[in-house]
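# Working through the structure, step by step
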Amino acid sequence: MIGDRRAAILGMIIDYYIRTGEPLGSKTLCEMLPYTISSATIRNEMAALGTMGYLEQRHTSGGRVPSKAAYRYYVDNLMHAQRLTAYEKQVIAERLSTNASDPERLLADAANLMSELTGCAAFYSTVKDPYDCVQGVEIIPAGGGKVMLVMLTLGGKIKSSVCSLSCKVDEEFKKLFYGFTREFFVGTPLNEIDLSFIQSTAPMLGERVFDMLPLLSSLCSLCQEAANGSLLVVGETKLLSQKELGDSVFNLLILLAGKEKLERLLAKFAESNIQQSLLIGNENPVYELGNTTMALARFDYNNSQIATLGIIGSLRIDYKVVLPRVDYIIKIVRTYLKEGGIRYE
């Protein structure tokens, strides 16, 4: 701990800098304090905070700005979180309820909502599961010789595509298709379903193989898509308005566009079993994230499926406003993932 007076001074400097983006000088700070104290004493306290690593002075005659360590101390010891109203909580829950039974769409909705409410970039990722398998397949006639193919995995992933067929989708066609998929696809691990799998099983369809081939090829693609982990990043351009990122924003945008480093970071976090974390500045293990704040959470759902969700913003995000909203969205997503889950009949 740094003492009550220094803590009060540090808290005011951080709040002022978050609000204005400007350094705070001793004279202005003296006028803001609720009790009388000399400018000389404040300068001494600010110098002490600088020596402790909490304040930085960018210019000799300029005021002090918070260091990365200061933001961590602020979040852990000084911040007074702004509580959400009952109306805000209701809106968040209702926005996320739309796709509550579809984990990936729920996570995508949550990432978009996080970005909207925080002004930061947001993301979600799912971790590749080698044990996930097909749970059910459905075809829905769409008219004009087209059908919608829907595939559900045991882990709750839902994938769909539209296929064009040259034959009539009558009861005989459906019976043959469902019998074939139940025998060869349902219960089969996703990563085992590829073109060679189709080639080895399709002859069982006899003369109807060419009628079924568009559906089987599409189903193979859906299985391969579901077998891989996914990463969605939204709101990246909002980082351009966070001027304190400076030139580092370009390397950050390249990182988010390339995704590989972020994917590795999130995969490592998913393996750690840590449920929620806040990484400030150099606490981020990736160099390009060294001037950012990242809040992220890990979710376990539907037969050992794992996902992550979070935001990336500058060090100067309004922590007392942003973090409670991120936390509440995480809470709702965790609840929906636990209670949701589609059951395929």
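Our structure's up above, just so we're on the same page.
Here's a quick rundown of the structure.

Scoring rules and cut-offs
- Residues numbered from 1 in each chain as written.
- Predicted model: local features only at pLDDT ≥ 70, side-chain atom pairs only at ≥ 80, totals over all residues.
- Heavy atoms only, no water.
- Helix = DSSP H or I, 4+ residues; strand = E, 2+ residues; numbered from the N terminus.
- Buried < 20%, exposed > 50% of the residue type's maximum accessible area, 1.4 Å probe, protein only.
- Contact = heavy atoms within 4.5 Å.
- Areas by Shrake-Rupley, 256 points an atom, 1.4 Å probe, with all protein chains shown as cover.
- Lys, Arg positive; Asp, Glu negative; His and termini not counted.
- Charge placed at Lys NZ, Arg CZ, Asp CG, Glu CD.
- Salt bridge = Lys/Arg side-chain N within 4 Å of Asp/Glu carboxyl O.

## Topic: the overall build of the chain
- What the chain contains, in helices and strands, is 12 helices and 10 strands.
- Expressed along its principal axes, the backbone C-alpha trace of the chain runs to roughly 95 × 40 × 35 Å.
- Scored against the burial criterion, the 345 residues of the chain give a buried share of 49%.
- Intrachain contacts of the chain at a sequence separation of at least 6 include 63% that bridge at least 24 residues.
- In the form shown here, the chain has an accessible surface area of approximately 17,200 Å², with 51% of it arising from carbon and sulfur atoms.
- When the 36 basic and 38 acidic side-chain charges of the chain are each reduced to a single mean position, those positions are 7 Å apart.

## Notes on the pattern of salt bridges
- This model, assessed by the stated rule, comprises 15 salt bridges.
- A salt bridge links Arg 325 to Glu 88, with the shortest nitrogen-to-oxygen separation between them at 3.2 Å. Of this pair, Arg 325 sits in helix α12 (residues 319–339) while Glu 88 sits in helix α5 (residues 86–97); the two residues are 237 residues apart in sequence, bridging distant segments of the chain.
- Overall, the relative accessible area of 7% leaves Arg 325 in the buried class.
- A salt bridge links Asp 300 to Arg 298; the shortest N-O distance between them is 2.4 Å.
- Looking at Asp 300, the relative accessible area reads 46%, which means it is partly exposed.
- One network of salt bridges, with partners in common, ties together Arg 5, Arg 6 and Glu 45.

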